[in-house]
Amino acid sequence: MDCIRGKHIVLGITGGIAAYKTATLVRLLVKAGAEVQVIMTPNAKEFITPVTLSTLSGKPVISEFFTANTGQWHSHVDLGLWADAFVVAPATASTLAKMANGVADNMLVTSYLSTRATVFAAPAMDFDMMQHPSTLRNIEQLKSYGVNIIEPAEGELASHLVGKGRMEEPEKIFDTLCDFFSRSQTMKGKTMLITAGPTREKIDPVRYISNYSTGKMGIAIAEEAAKRGAEVTLVLGPVDRRPSHAGITIIDVESANEMLAACESIFDHADIAVMCAAVADYSVANREDRKIKREKSAIPNLELVKNPDIAATLGRAKQPNQILVGFALETDNEASNAADKMERKNLDMIVMNSLRDKGAGFGTDTNKITIFTKEGDAIRYPLKSKNEVAADILDAISNIKHE
Ligand code: CTP
């Protein structure tokens, strides 16, 4: 399997019964040409011996910060930097909690905190532990840091309870890694501009007009594109979250005019531009430099002016080798509105989501999209997580043929 050949993989093993399955995982990875460095937590050794794993990986297993008899120091920083992928399998409730909260009390979590590699965690625990609100919260927290959770399977657990909590099979974990490495090169050399979040249009120094956009979808696209090797610039309106991928350049903007200026300054060099921002349609022409006082002033009449259409402006400047993708959030006449926008803004593709669909729209972690292409295709997708939707959108962009 060439997807994994030559890759450096840190495999962190924690103290759960599923640890015995990691022998198979190491074997699969090594056979496929990867270099595997195993880190074990002290409890993991109760479930599988370091000798088995060092024999299979061909490298001494690391567990402590120092080798007791020689005093040799193991650098968690070097290990973290060496890794192309950092895999924690099985990931117990305790290790997930430590990772989510930065508790660096062993070699594994310390290395995790130091790594810049993409991280995967394959939870394994008893059914009730898996459903506990604290575990679910920690998993959500880790996802927000960009950790890829390899969801546990359903089945009989070590406790003989049946339910979700079984570590995914080594073959599946291997496939996930293979998939990741195959995809990681697909956008290499591409320069990408993405807009995300809302814009804010000032009324006075303390008030503004805006909308409910949280930037989740655009940030997910930026992260997925960066994972695939693209050089990403994210022009981001005012939102609480930031992308976790270190390679993304962020330009923070507030108003539509600032967003337009940022986009125009970089569009020339972009191979692909994805307009995911919910740009406010109007700004306030008679905005006040001082706070409008409630008691002293008459009820203000806001004079609104149309904001520039950023997508349409880029559409007019677009060169034949550039791809421009837009979004359409609709409440009715979805297909015809989206097609109309694609035409009007000179887009190559438009991603439509409808506020009529449950789980689609502002602030949710999921989305349900239909992609319309210039060729007249309409590809409908089921409800998925925004990360999965981001992957679908990038797959569709990769399929766009230039004129
Ligand atoms: N867009 C933009 N600049 C604007 C308005 C929209 O770049 N001033 C982009 C959005 O980022 C999105 C696409 O255009 O990619 C469609 O946005 P949407 O708000 O759905 O469309 P509008 O053109 O505002 O049309 P309407 O409000 O009539 O639905």
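Peer 1: Which residues make up the overall build of the chain, and what values go with them?
Peer 2: Secondary structure assignment for the chain yields 13 helices and 21 strands. Across its three principal directions, the C-alpha atoms of the chain cover 80 × 60 × 45 Å. Counting over 403 residues, the chain shows a buried share of 49%. Counted over contacts in the chain with a minimum sequence separation of 6, partners at least 24 positions apart contribute 66%. Surface accessibility of the chain: about 19,800 Å² in total, with carbon and sulfur atoms responsible for 50%. With 45 positive and 50 negative side-chain charges, the chain shows a spacing of 2 Å between the two charge centroids.

Peer 1: How would you sum up a nonpolar patch on the surface? Please name residues and give values.
Peer 2: Judged by side-chain polarity, Tyr212, Leu329, Leu355 and Phe362 come together as a nonpolar surface patch covering roughly 420 Å² of accessible area. By secondary structure assignment, the location of Leu355 is in the loop between β17 (349-354) and β18 (366-367).

Peer 1: Before we move on, can you summarise the site of the ligand with the specific residues and values?
Peer 2: The local shell around the ligand holds 14 residues, among which Met275, Ala277, Phe327, Lys341 and Lys345 are the closest. At 2.5 Å from an oxygen atom of the ligand is found a side-chain nitrogen or oxygen belonging to Lys345. Relative to its free-state accessible area of 570 Å², the ligand is covered by the protein chains to the extent of 77%. Among the elements that take part in the shell around the ligand, strand β16 (residues 323-330) stands out by supplying four residues, more than any other. Here the residues of the shell around the ligand sort into nine nonpolar, one polar and four charged.

Peer 1: Break down helix α7 (residues 133-144) for me, citing the residues and quoting the values.
Peer 2: Three- or four-residue spacings in an α-helix give side chains the same orientation, since the helix completes a turn every 3.6 residues. Its twelve residues give α7 an end-to-end C-alpha distance of 16 Å, which sits within 8% of 16 Å, the value for a rise of 1.5 Å per residue. Along α7, the residues that are buried comprise Thr135, Asn138, Ile139 and Leu142. Axial view of α7: buried residues confined to an arc of 100°, hence all on one face. Among the exposed residues of α7, those pointing more than 90 degrees away from its buried face are Pro133 and Arg137.

Peer 1: Pulling in residues and values, what's your account of the pairing of strand β6 (residues 153-156)?
Peer 2: Across four bridges, β6 lies against strand β7 (residues 162-166) in antiparallel orientation. Looking at the pairing, Glu156 lines up with Val162 of β7. From the end of β6 to the start of β7, which pair antiparallel, there are five residues, and His160 there has a positive phi angle of about 75°.

Cut-off values and rules
Residues numbered from 1 in each chain as written. Predicted model: local features only at pLDDT ≥ 70, side-chain atom pairs only at ≥ 80, totals over all residues. Heavy atoms only, no water. Helix = DSSP H or I, 4+ residues; strand = E, 2+ residues; numbered from the N terminus. Buried < 20%, exposed > 50% of the residue type's maximum accessible area, 1.4 Å probe, protein only. Contact = heavy atoms within 4.5 Å. Areas by Shrake-Rupley, 256 points an atom, 1.4 Å probe, with all protein chains shown as cover. Lys, Arg positive; Asp, Glu negative; His and termini not counted. Charge placed at Lys NZ, Arg CZ, Asp CG, Glu CD. Patch = residues over 30% accessible without salt bridge, like charges linked within 9 Å, V, L, I, M, F, W, Y side chains within 5 Å. Salt bridge = Lys/Arg side-chain N within 4 Å of Asp/Glu carboxyl O. Near = heavy atom within 4 Å. Polar contact = N/O pair within 3.5 Å; in protein donor to acceptor, adjacent residues only side chain to side chain. Nonpolar A, V, L, I, M, F, W, Y, C, P; charged D, E, K, R; others polar. Expected span 1.5 Å × (residues − 1). Arc of directions from axis to C-beta. Pairing = 2+ DSSP bridges.

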